Amino acid sequence: SCHCVRGSSPVRWSPMQELYDAVVSAAADARRFYDKDAVAGISDEDFRHMMFFDACFLVQYMVWLVSTSTSTSTSTTTVPTTEEAKADPWLAEFFYANSSGIHHDVWLLENQLPWKVVESVMNFRPVNLEKFVGKWIDSLHDRKDLKGKSFALDDSYDPPHLLGLLRHHIVGSRTKTSWKPKDKDQFKSLSFSVSAIELAKIGITLTVNETGKLIDMGLDDRSFSAELSLAPLSLNYARASRLVNMAALEICCLTPTTLTDNIEESAVCSHLLLLSMLAQKEDDVHELRRHGVLEGGAGLTNKQVLDFFTCLQSLPDGLCSTLTLLQIEDYRLKRKKLAKGHAFWYKHKNTIYKILSAIAFLGTLIGLLQKFKSL
């Protein structure tokens, strides 16, 4: 809290009491967002103190993170190199030494502070939110934007808390028009057996989408095959935790129930649910890695990835995953004969390769014998 006051703009410099009063004003309304039983034993004064110290800590951490020299998209820690670090060397060193634990804690759903309380502190200690959120945009995979595209904060979005703000911008908006079935009654049933190997057997190839956004998933139907595109993930424990907390937020507050609702509100649950269907065996995980949907060799092993997705199979159906499954079912219905052909090829391709290799070898041998005969 002292650092928040000391670091405020000289024009806007205010004593500690003014900062505290601003937080108290916001905290008066914030208490209603907490479960009554959970805060029943906390007095109003203790609650105000808790909001004040937690909000000051969070804002000061955000200021520090913006001032660091490298992105948080990797699991490595960052090095403070700015005037901010020089002004408060002890605090900068504390954030630097504990950055992994703090990164984890600020993403936990149960740790979220009402955004109005955080804003009341940011009025005194400004944070470059555009730069802060921008550092987390690519935090779920290892691909880097070498073109240096600028990130624009969505000012129209009113976040409930920091996790909501980060989830909203990481999910983004769908770049393509959502596929919708022409006739909802055309599907008598919907198969939830869509492992990566099973899709390969019917001619559906996994591929990485161009945007890297979780929201952009779907089937691209080609003439003789199809491609299922998904955002790439590089899974380690930190990224798995972020995904779980964003999914928990959707389940608690956002997940829609009809095909006409906002599709962005179920993007994380949809992505995780679809991956949990695709990864039914370690061979499926290998298939996901082979096509780049799961990136890199660092982080979780195939067995750990499989265990992670197995725990997520009870997630509620999201709009993105439901529409994608309907696309797959539509492909199956329209391409029954073609799917059988792909299944036959997938089952017997090794034998076919051996036969073709034998024929090629025989042809080469006959050619050599003819040359020897002519000689």
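What you are looking at is a predicted structure, and each value in this text was computed from that prediction instead of being measured.

Q: Lay out the overall build of the protein with the relevant residues and their values.
A: Summing up its helical and strand segments, the protein has 16 helices and three strands in all. In the protein, which comprises 375 residues, the proportion classed as buried is 43%. Contacts spanning at least 24 positions in sequence make up 73% of the contacts within the protein whose residues lie at least 6 apart. Summing over all exposed atoms, the protein offers an accessible surface of approximately 20,100 Å²; the carbon and sulfur share of this is 56%.

Q: Pulling in residues and values, what's your account of helix α9 (residues 162–171)?
A: Burial within α9 is extensive, with nine of its ten residues counted as buried. L162, L163, G164, L165, L166, R167, H169, I170 and V171 are the residues of α9 that are buried. Looking one or two residues past α9, G172 carries a phi angle of roughly 70°, positive in sign.

Q: So what's going on with the sheet that holds strand β3 (residues 226–230)? Which residues, and what values?
A: Read from one edge of the open sheet, three strands run β1-β3-β2, paired in mixed fashion. Edge strands, defined here as strands with exactly one partner in the open sheet, are β1 (204–208) and β2 (218–221). Strand-to-strand twist of the sheet, defined as the mean angle between neighbouring strand axes without regard to direction, takes the value 30°. Relative to β3, β2 runs antiparallel, the two sharing four bridges. By the bridge assignment for β3, G218 is matched with S229. Relative to β2, helix α15 (residues 319–334) is tilted by about 30°, and along the sheet it contacts β1, β2 and β3.

Scoring rules and cut-offs
Residues numbered from 1 in each chain as written. Predicted model: local features only at pLDDT ≥ 70, side-chain atom pairs only at ≥ 80, totals over all residues. Heavy atoms only, no water. Helix = DSSP H or I, 4+ residues; strand = E, 2+ residues; numbered from the N terminus. Buried < 20%, exposed > 50% of the residue type's maximum accessible area, 1.4 Å probe, protein only. Contact = heavy atoms within 4.5 Å. Areas by Shrake-Rupley, 256 points an atom, 1.4 Å probe, with all protein chains shown as cover. Pairing = 2+ DSSP bridges. Axes fitted to C-alpha atoms, helices over the stretch in contact; angles between N-to-C directions.

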